[in-house]
Every structure is written in C-alpha cells, then in structure tokens.
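# Remarks on the overall topology
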Amino acid sequence: SAVISQKPSRDICQRGTSLTIQCQVDSQVTMMFWYRQQPGQSLTLIATANQGSEATYESGFVIDKFPISRPNLTFSTLTVSNMSPEDSSIYLCSVGAGITGELFFGEGSRLTVL
Amino acid sequence: EDKVVQSPLSLVVHEGDTVTLNCSYEVTNFRSLLWYKQEKKAPTFLFMLTSSGIEKKSGRLSSILDKKELSSILNITATQTGDSAIYLCAGDLSGNTGKLIFGQGTTLQVKP
C-alpha cells in the first residue's frame, strides 16, 4: 500500500484567509483525489487531480474555492480559499492501488475556521 | 442519483458480541464496494468486494456482497473495544478507481 503524508495535520484558521494542504505519496501515481469530511458527515469527493492537466471537480465544488496543483506524480496541493466556518472539515488526500481498486488515504488535515 | 446508505447509523454493544453492519447502494456503472474503518482521521481499508456471494474474511471481520439485492454486510464477531470506530461503506463508480460514493457511516461503540 502507498504511504501518504499530509501537512498540516491540523490548523485553526481565521475567516477570510486561505490555507494550502500538501499531500506527498511515496510512489508515482497517475491520479490523486481530494475528499472532504464535514463534522459528523461522511466523505465527499472534491476533485480528481491528474498530473499535467487541470483537476476535475465534482458537482458543488469549484476551482476558485478549491484550487489544486499537481506538479508531479508524487505530490499535490489543495487550497481552501477565503475560508468560512462552513469549511471546517477534515480534508483527505487519497490514491488508488491501481488494478486492485483499493483506495488509500492520507492521515487527513483537520481545519477549524473561526 | 448515485447513493450509498448504511444502517444502523450507530450501535452500542458489549465486548464479545457479534455485530452486522448493513450497506445498500444505488450506483450506476457499479464496479465494486469497499469497506473502511475510521478511528481518528484517515479511513483504513478493510475489504473490496466485486463478486456476489463470495465472502471476504480477515480475522474476526468478514464481508459479503449481494448484487441482486444491491447490498453488502460487514460482520464482526467477538467484538473488542478496539473495534470501536466509524465503519464506512463506499461504492466505486465506473471503474474510475478513487471516485467513491460513501455512505453516512455506522458508528460502533464496544463497551468493556
């Protein structure tokens, strides 16, 4: 299984600011995925990040709010822009295991917006 | 609209009990169903089910898929306090690995 590291692990942010979350994988992967888990809720896919192309966003998520970078096959960032308390969530980076279909998650970044 | 529904939403049992968690799905282009355990932040992978009727087993945990009923169950026998967690079920869409639809989760609490 892939080893996925996320930074920061947690942060407390002020309303109106932006925060960038980093995700590092120990192997090259074609697709990386960003999920959000709001308090008491399940996981929701934000976007799929492919290296060398723009991220593909799910319904309800837009690039201006959640810009994503994917500069190489082992790294991605997700920025949460102009944060509001509703953005308080755990943000999770994930990668697939290829042909076996399993999906592995990073440790998650818990953001609290005041 | 694709959706995954889990039941019960929460469950409290005592050590040694056996529990059955349910997951039903309505997913177009269904490829597989996955179970995860979430204790703190990151969900950890338990099972991936693609074929109906074939039980997957790992220690005290087992799971099976019923494609006819569009459902799956996760069984935990001889529960321990360390089994306390949120158990998530997810459907894999269109074979596009990574694009999962998650259920609401079942919160399991195992009391000593």
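A brief look at the structure comes next. Here the structure is a predicted model, which is why all the values come from computation and not from measurement.

## Some thoughts on the overall build of chain A
Counting its regular elements, chain A contains zero helices and 11 strands. Beginning at the N terminus, the succession of helices and strands in chain A can be written as β-β-β-β-β-β-β-β-β-β-β. Relative to its length of 114 residues, chain A is compact, with a C-alpha radius of gyration of 13 Å against a globular reference of 13 Å. The principal-axis extent of the C-alpha atoms belonging to chain A is close to 40 × 25 × 25 Å. Out of the 114 residues belonging to chain A, those deemed buried represent 48%. The long-range share in chain A, meaning contacts at least 24 apart out of those at least 6 apart in sequence, stands at 52%. Carbon together with sulfur atoms contributes 50% to the accessible area of chain A, which is approximately 5300 Å² in total. Of the charged side chains in chain A, 7 are positive and 9 negative; the average position of the first set lies 7 Å away from that of the second.

## Observations regarding the state of the cysteines
Residues and elements named next belong to chain A. Summed over the entire model, instances satisfying the criterion amount to two disulfides over all chains. Linked covalently through their sulfurs, Cys23 and Cys93 form a disulfide whose S-S length is 1.9 Å. Classification of the bridge connecting Cys23 and Cys93 rests on its S-S torsion, roughly -65 degrees, and on that basis the disulfide is left-handed. Here the residue Cys23 occupies a position in strand β3 (residues 19-25), and Cys93 occupies one in strand β9 (residues 89-96), the gap between them amounting to 70 residues.

## Topic: the environment of Gln37 of chain A
Mapped onto the elements, Gln37 of chain A comes out in strand β4 (residues 31-37). Other than its neighbours up to four places away in sequence, Gln37 of chain A contacts Ser42, Leu43, Ser89, Ile90 and Leu92 of chain A together with Gln38 and Lys41 of chain B. A polar contact of 2.7 Å, which involves the side chain of Gln37 of chain A, links it to the side chain of Gln38 of chain B.

## A closer look at the interface of chain B and chain A
Contacts between the two partners involve 19 residues from chain B and, on the opposite side, 24 residues from chain A. Summing both sides of the interface, chain B and chain A together bury roughly 1700 Å²; the carbon and sulfur share of this comes to 56%. Linking chain B with chain A are zero salt bridges, by the criterion used here. The interface formed by chain B and chain A contains four residue pairs in polar contact (both at pLDDT 80 or more). Where the side of chain B that touches chain A is concerned, the elements lending two or more residues are β4 (30-38), β5 (43-49) and β10 (100-102) of chain B. Tallying contributions element by element places β4 of chain B first for the side of chain B that touches chain A, with four residues. Its residues placed into classes, the side of chain B that touches chain A shows nine nonpolar, six polar and four charged.

## Digging into the sheet that holds β3 of chain A
All names here are of chain A. Sheet architecture is open: four strands sit in the order β1-β3-β8-β7, paired in antiparallel fashion. A single partner strand is all that each edge strand has here, and the edge strands are β1 (4-7) and β7 (68-72). Here the strands of the sheet are splayed against their neighbours by 15 degrees on average, with no regard to which way each runs. Relative to β3, β1 is paired through four bridges, and the arrangement is antiparallel. The residue of β3 that forms the bridge with Gln6 is Cys23.

## Notes on the sheet that holds strand β7 (residues 61-66) of chain B
Residue and element names in this part refer to chain B. The five strands lie next to each other as β1-β3-β8-β7-β6, forming an open sheet whose pairing is antiparallel. The strands lining the two open edges of the sheet, one partner per strand, are β1 (3-7) and β6 (56-58). Pairwise comparison of adjacent strand axes, ignoring direction, gives a mean angle of 15 degrees for this sheet.

Quick notes on the rules
Sequence order as written defines the numbering, with residues in each chain counted from 1. Written order determines the labels here, with chains lettered from A and ligands numbered from 1. In view of the model being predicted, local features appear only for residues whose pLDDT reaches at least 70, and side-chain atom pairs are presented and counted only at 80 or more, with totals across whole chains, interfaces and linings using the full set of residues. Hydrogens and water are ignored here; the side-chain numbers use all heavy atoms of the structure. Each helix is a run of H or I in the DSSP string that is no shorter than four residues. Each strand is a run of E no shorter than two, and both are numbered from the N terminus. The atom set for the radius of gyration is the C-alpha atoms, and the globule formula is 2.2 Å times the number of residues raised to the power 0.38. Partly exposed describes any residue whose relative accessible area lies between the buried limit of under 20% and the exposed limit of over 50%, with all areas from a 1.4 Å probe on protein chains only and scaled to the type maximum. Whether two residues are in contact is decided by their heavy atoms, any of which lying within 4.5 Å being enough. Accessible areas in this description were obtained via Shrake-Rupley with a 1.4 Å probe; residue shielding takes into account the shown protein chains only. Charged residues are defined here as Lys and Arg on the positive side and Asp and Glu on the negative side; His and the ends of the chain fall outside this count. Note on charges: their place is set at NZ of Lys, CZ of Arg, CG of Asp or CD of Glu. Sulfur atoms of two cysteines make up a disulfide when they are within 2.5 Å. In the analysis that follows, any N or O atom pair within 3.5 Å is treated as a polar contact, provided that within protein one partner can donate a hydrogen and the other can accept it, and provided that, for residues neighboring in sequence, both atoms belong to side chains. Buried area, as used here, totals the accessible surface that two parts lose on assembly, with accessibility defined by a 1.4 Å probe and the loss added over both. A pairing counts as a salt bridge when a side-chain nitrogen of Lys or Arg comes within 4 Å of a carboxyl oxygen of Asp or Glu. Residue classes follow a fixed rule: Ala, Val, Leu, Ile, Met, Phe, Trp, Tyr, Cys and Pro count as nonpolar, while Asp, Glu, Lys and Arg count as charged, and any other residue, Gly among them, counts as polar. A pair of strands is labelled paired if DSSP reports no fewer than 2 bridges between them. Angles here are taken between N-to-C directions and fall from 0 to 180 degrees, while the axes themselves are lines fitted to C-alpha atoms, restricted in helices to the stretch in contact.

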